[in-house]
Amino acid sequence: MPLINSKTNTVRKTYSIKELEEQANMMRGYNLVSLTAAGSGHAGGTLSIMDITAALYLHVLNLDPEVPDWEGRDRIIWSTGHKAPSLYVGLGVAGYYDVKEVATLRKLDSPFQGHPHWLKLPGVEVSTGSLGQGLSIAVGQALGLRLNNSASRVYCIMGDGEQQEGQIWEAIMEAGHYQLDNIVGIVDRNRLQIDGKVEEVMNVESLVEKYRSFGWEAIEIDGHNMKQIVDAFERAKTIKGKPTVILASTVKGKGVDFMEDVAGWHGKSPNMEELKKGLEQLGLTGKIPVDEMLKIAESHQLRAVKNLDARMPKFKREYWWNSDEAMKVEMQPTRKGFGQALKQHGGDERIVCIGLDISGSITISDFYDGHPERKSRWISLGIAEQSGACVAAGLAREGKIPVMGTYGTFAAARCLDQIRTTICYGEFNVLIAGAHGGVSVGPDGATHQALEDLFQVCSLPNMNVSVPADIIETKKATEHLLFGLKGPKFIRYAREATPIVTTEATPFVFGKANVIRYRRKGATFVDAFDTVLADQYKSEKEDLSIIACGPMVPEAMRAAYLLKEEFGYETRIVNMHTVKPLDYAAIVAAAKETGIVIIAEEHQIGGLADRVCRAITEAPELFALPVITGAIGVKDRFGESGAPWELIKAFEVSGEHIAQKAVELMTLKK
């Protein structure tokens, strides 16, 4: 049934096959504009799924756009949450809102998050983003609808690369076992994932035979033939006693020749010139309100920035990065330091790297880049973090030095039990890279922002954890974890370019903190500070201490600069690049000698702060002394979409926020 009025039970609008084809084409145009306005996103998959999106939202599903939570609606779950722009355009064209508003995609304070969030946007059924989970949600909803004697159906959109996740097969088994004929799975079979062709990364075929062996009806179609699409969904409604999967063969980037069948367009958005070419190829030049949509995006961004700046702490002048002629700083992504270490030392035959599909982004593939002789020690497992952790343990048992990596939120949380039980309990020599830690993935939003990973990995016995401050320190930390430490180990690093605040000469000893002191305003930021090992530092009777890790070390340094320039306060910065084991002596010395300790972390407050505060409360040297503590970090909330540096401000973890906290605590000390 097409879109309906749930109050009168009448049809709002119907679409013919030809009209659905036309709408799908228009939707591709709106999608391209929204991605261009965002400056990030996933063009390839949003274009491959668009014909199915049009069929579902305009013809197949029982939906009432004026009553998004109508109980009689059909449910649709986008397990492939990165294809959210297609979902948003589908809802817009269906009448849930003005489709032009999708131009605010991935921007701060926009309901159109990088991955869908049902609490922010009516019409979104559930929040998704971590691949492999959507079909299990569908099973739960289908069981719930059955218990409620509801005739509604559940549809779940998945990718073919996503079939590599083990949880998918648990859900497939469950749906078959319970004969859930109110579930329809849709696999966008575009045969590409981030690391390349699905069949080469980790072959999942034959999906037809596999689904059928679990008791499913399997229907194969051309995912760009609208009549086949509509007929397949109509057929699915007639199948009783078992779930149905529609395996739709599609082309990634469909409709735009320079995007079609190119893996590089998986997580990429078009620029203005590419947008113009894309719209021309779709025959939509002049038919999409491009200028109006870009103006909507610009206006939204200006409002968001204005609101954000209004909430920032205010000082006599601007101290933001590179805002002055002096104190200039170079920025590079810390992830590159990880890749550099693997490239330089990957010739060691013991090192085996495990790819989990985002290999180029997290730089683990630098291991074999330019070194084809190392490919035999490159094991691609696709989207399968839990298995990857145990495969790594098996390699370690055979004397190898396995390195596995993925987004920090997946590296720590998705496979936490495997890390706990297999790697840590067994004390296996496995290096885990928690890439894109903190808010550095920015527009991808909450599902991909690792803000809880230190809680998870630091809680595990036998685990060693490093959170380096910049690209240079990341390379040093990686080298030490590879060769200087045997056992379970985790390194957390960022995606975004962050300030370089160390040099090759800066000391780095795993397990030993560094003390950093602001000395003088100069031409370059890094030269304005001195750094020594904490156990070699002699107190200068500073007013306060800031203990920080990762990207918060540069922010702490900037806060120290600000505090000296505006208030005359002297600050001891402790770079706690090793979060586990902690340098207890450095913490106790800072607390004893300055009396104020502020802990700064780009993480939920407590990942570092709880550990530091425990060290303070347990130190006999401090029992009779007053120590004032404060914490800067994310305040018990999930992330959201926005540019990484916007989120540093929005989550109140900037140097300005550290300085504001310092001024507040100094009033207590006095």
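Visitor: Which residues make up the overall build of the protein, and what values do they have?
Guide: Along its length, the protein carries 23 helices and 24 strands. Relative to the compact-globule value of 26 Å for 670 residues, the protein shows a C-alpha radius of gyration of 26 Å, a close match. In the protein, buried positions account for 61% of the 670 residues. Summarising the internal contacts of the protein: among those between residues at least 6 apart in sequence, 79% fall at separations of at least 24. When the accessible surface of the protein is summed, it comes to about 25000 Å², and 50% of that surface belongs to carbon and sulfur atoms. With 75 positive and 85 negative side-chain charges, the protein shows a spacing of 2 Å between the two charge centroids.

Visitor: How would you sum up the pattern of salt bridges? Please name residues and give values.
Guide: Counting across every chain of the model gives 38 salt bridges. Lys83 is the salt-bridge partner of Asp188, the closest N and O atoms lying 2.7 Å from each other. A residue pair is termed long-range when its members are at least 10 positions apart, and Asp188 in strand S5 (residues 183-189) and Lys83 in the loop between strand S3 (75-78) and helix H4 (84-94) qualify at 105 residues. Lys83 carries the same exposure label as Asp188, and that label is buried. Across the salt bridge formed by Glu664 and Lys661, the nearest N and O atoms sit 3.8 Å from each other. In this pair, Glu664 and Lys661 both sit in helix H23 (residues 655-669), three residues apart, roughly one turn of the helix. Here Glu664 falls in the partly exposed class, since its relative accessible area comes to 42%.

Visitor: Summarise helix H11 (residues 290-311); cite the residues concerned and give the values.
Guide: In a regular helix each residue adds 1.5 Å, so 22 residues correspond to 32 Å; H11 covers 32 Å between its end C-alpha atoms and thus fits that length. Listed as buried for H11 are Val290, Met293, Ile296, Ala297, His300, Ala304 and Leu308. Buried residues along H11 cover an arc of 130° about the axis, so they all sit on one side. When the buried face of H11 is taken as reference, the exposed residues oriented beyond 90 degrees from it are Asp291, Lys295, Glu298, Leu302, Lys306 and Ala310. On the buried face of H11, the contacting elements are helix H1 (17-38), helix H10 (272-281) and helix H22 (644-650).

Visitor: Tell me about the side chain of Lys100, residues and numbers included.
Guide: Looking at the secondary structure, you find Lys100 in the loop between H4 and helix H5 (134-147). Lys100 sits in the buried class, given a relative accessible area of 16%. Discounting residues that sit within four places of it in the chain, Lys100 has contacts with Tyr30, Pro289, Glu292, Met293 and Ile296.

Criteria and cut-off values
- Residues numbered from 1 in each chain as written.
- Predicted model: local features only at pLDDT ≥ 70, side-chain atom pairs only at ≥ 80, totals over all residues.
- Heavy atoms only, no water.
- Helix = DSSP H or I, 4+ residues; strand = E, 2+ residues; numbered from the N terminus.
- Rg over C-alpha atoms; globule rule 2.2 N^0.38 Å.
- Buried < 20%, exposed > 50% of the residue type's maximum accessible area, 1.4 Å probe, protein only.
- Contact = heavy atoms within 4.5 Å.
- Areas by Shrake-Rupley, 256 points an atom, 1.4 Å probe, with all protein chains shown as cover.
- Lys, Arg positive; Asp, Glu negative; His and termini not counted.
- Charge placed at Lys NZ, Arg CZ, Asp CG, Glu CD.
- Salt bridge = Lys/Arg side-chain N within 4 Å of Asp/Glu carboxyl O.
- Expected span 1.5 Å × (residues − 1).
- Arc of directions from axis to C-beta.

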